[in-house]
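Inside the fold
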Amino acid sequence: MRYLSSVELRQALPMKDAIASMRDAFRDDREIPQRTLLGRSLFMPGRVGDHSGIKIVSITPGDPAGIVVIFDNNGHTIGAVDGPTLTAIRTGAAAGLATDLLASPTASTLAMLGAGAMARDQIEAVKAVRRITRILIWSRDTDRAIRLAKQVGGIPVEHASDAVREADIVSTATPSHRPLFTDEAVPESVHMNAIGAFTPDMVEIPPETVRRAFVVVDDISAAQEEAGDLIQAKRTPDATIGDLLARPVSAPITLFKSVGIASQDIAAAVHALATAERNDIGTFLEP
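Residues numbered from 1 in each chain as written. Predicted model: local features only at pLDDT ≥ 70, side-chain atom pairs only at ≥ 80, totals over all residues. Heavy atoms only, no water.

Some details on the layout of surface pockets
Of the volumes computed, that of the largest pocket is approximately 1600 Å³. Contributing to the lining of the largest pocket are 45 residues, with Ser58, Thr87, Met118, Gly196 and Phe198 lying nearest its centre. When contributions to the lining of the largest pocket are tallied by element, the ones reaching two or more residues are β3 (36–38), β4 (41–48), β5 (51–58), α3 (83–102) and α8 (220–226). Here the element with the most residues in the lining of the largest pocket is α3; it accounts for 6 residues. In this structure, the second largest pocket occupies an estimated 220 Å³ of space. Pro33, Gln34, Arg35, Ala222 and Glu226 are, among the 13 residues lining the second largest pocket, the residues nearest its centre. Every element with two or more residues in the lining of the second largest pocket is listed here: β4 and α8. Of the residues forming the lining of the second largest pocket, the biggest block, 4 residues, is contributed by α8. Counted by class, the lining of the second largest pocket contains 7 nonpolar, 2 polar and 4 charged residues. (1 Å grid on protein atoms, 1.4 Å probe; cavity = no way out; pocket = protein on both sides within 12 Å on 5 of 7 lines; lining within 4 Å. Points joined across faces, edges and corners; volume = space filled by probe spheres on them. Helix = DSSP H or I, 4+ residues; strand = E, 2+ residues; numbered from the N terminus. Nonpolar A, V, L, I, M, F, W, Y, C, P; charged D, E, K, R; others polar.)

As structure tokens, this is what we get:
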């Protein structure tokens, strides 16, 4: 079997390829069993087409660790990849696919709210599907916002609402327990990707905004249990990404609320391992 480290995984899975793999992740031929917490590790099994797999990741704050293992249709191990890196890439890729399906084709200004570990991949994903000419970056940690702005050619801003007012696309990636901006700051036409609030008591988007947006999720049942933005707004999703792949939708204000599902990990890892095999990337481990 082949193993891809964090660096090797990024080499084998550039963002445009990761976004393409998400189309497989959201199609009908998949299984997403319930995830299970054992000790300090989260176990996320799933199947996409002929491939099955499992992601095991630590839930200890500040201690990213984990692995994703992929099996063929006979149950043989194909390979494994670094778990935290795959999570960051596929989370960005899912938002990239949602942006491609929902954002205005002429969108050019991105507001990135949050400057942590997920932010770089969120920005890269949006840039992969739209011609972004201006990136506004806000974080409660001003130093982080300044550093990220320098890395991506963006502009740090002092207030999140100011960034949102000027944006065509808004991406949020924070551990917030209160809305990051006001509903009044939301433009008449905007697409939002909310990936940070992953428990019922967390929230990034104002409930008033959630109620009037066209809301898309990665998985209905997972969103009902985990998506704090929707739970606190008492908002039922309008569609899934899979629904949009079958029938595109247009609306002035759209929100993709992501909680992350195993099919995303498996689809992305399968693509990465196939590319790695073709290009001899990674370490081959004898069974």
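Examining the packing of α3 against helix α4 (residues 119–129)
Following both chains from N to C, one finds α3 and α4 inclined at 35°, their axes separated by 8 Å at the closest point. Crossing geometry of α3 relative to α4 is assigned as right-handed. Packed against α3, whose contacting residues are Ala88, Ile89, Thr91, Gly92, Ala93, Ala95, Gly96, Thr99 and Asp100, the element α4 presents Asp121, Gln122, Ala125, Val126 and Val129 at the interface. Considered class by class, the residues forming the contact of α3 with α4 number 7 nonpolar, 5 polar and 2 charged. (Axes fitted to C-alpha atoms, helices over the stretch in contact; angles between N-to-C directions. Left-handed = near helix turned anticlockwise from the far one by under 90°. Contact = heavy atoms within 4.5 Å.)

Quick notes on the packing of helix α2 (residues 15–25) against helix α11 (residues 262–279)
Packing of α2 against α11 leaves a shortest axis separation of 8 Å and a crossing angle of 130°. Classified by the angle between their axes, α2 and α11 sit oblique to one another. Like other packed secondary-structure pairs, α2 and α11 cross with a definite hand, here right-handed. Residues Asp17, Ser21, Met22, Asp24 and Ala25 of α2 form the contact with α11, whose own contacting residues are Ser263, Gln264, Ala267, Ala268 and His271. (Parallel < 35°, antiparallel > 145°, perpendicular 65-115°, else oblique.)

Some points on the pattern of salt bridges
Scanning all chains against the criterion turns up 14 salt bridges. Measuring nitrogen to oxygen at the nearest pair gives 3.7 Å for the salt bridge that ties Asp280 to Arg2. Placement of the pair is Asp280 in the loop between α11 and β16 (283–284) and Arg2 in strand β1 (residues 2–4), with a sequence separation of 278 residues. Taking relative accessible area as the criterion, Asp280 reaches 63% and is therefore assigned exposed. You can call Arg2 buried: its relative accessible area is 12%. Salt bridges here are not isolated pairs; linked through shared partners, they connect Arg23, Asp100 and Arg130. (Salt bridge = Lys/Arg side-chain N within 4 Å of Asp/Glu carboxyl O. Buried < 20%, exposed > 50% of the residue type's maximum accessible area, 1.4 Å probe, protein only.)

Considering helix α5 (residues 142–152)
Residues of α5 that are buried: Ala145, Leu148, Ala149 and Val152. One side of α5 holds all its buried residues, which, seen down the axis, span an arc of 105°. Looking at α5, the residues exposed on the side facing more than 90 degrees away from the buried face are Asp143 and Lys150. Looking at the packing, one finds that the buried side of α5 touches α4, β9 (134–138) and β10 (155–156). Put simply, Asp141 is the residue that caps the front of α5, since its side-chain oxygen is 3.2 Å from the backbone nitrogen of Asp143. After α5 finishes, the residue Gly153 shows a positive phi value of roughly 70°. (Arc of directions from axis to C-beta. Polar contact = N/O pair within 3.5 Å; in protein donor to acceptor, adjacent residues only side chain to side chain.)

Overview of the nonpolar core
Counting 67 residues, the largest nonpolar core has Leu4, Phe26, Leu113, Phe181 and Leu255 as its most contacted members. With sequence-adjacent residues up to four places away left out, Leu4 is seen in contact with Leu9, Ala12, Ala80, Val81, Asp82, Ala272, Leu273, Ala276, Ile281 and Gly282. One finds Ala103, Ile135, Leu148 and Val152 within the second-largest nonpolar core, a separate group that totals 18 residues. (Core = buried A, V, L, I, M, F, W, Y, C linked by side-chain atoms within 4.5 Å.)

Observations regarding α2
Listing the buried residues of α2 in full gives Met15, Ala18, Ile19, Ser21, Met22 and Ala25. For α2, the angular spread of the buried residues around the axis is 160°, confining them to a single face. Of the surrounding elements, those touching the buried residues of α2 are β2 (30–31), α3, α4 and α11.

Function cannot be inferred from these measures alone, as they are strictly geometric.
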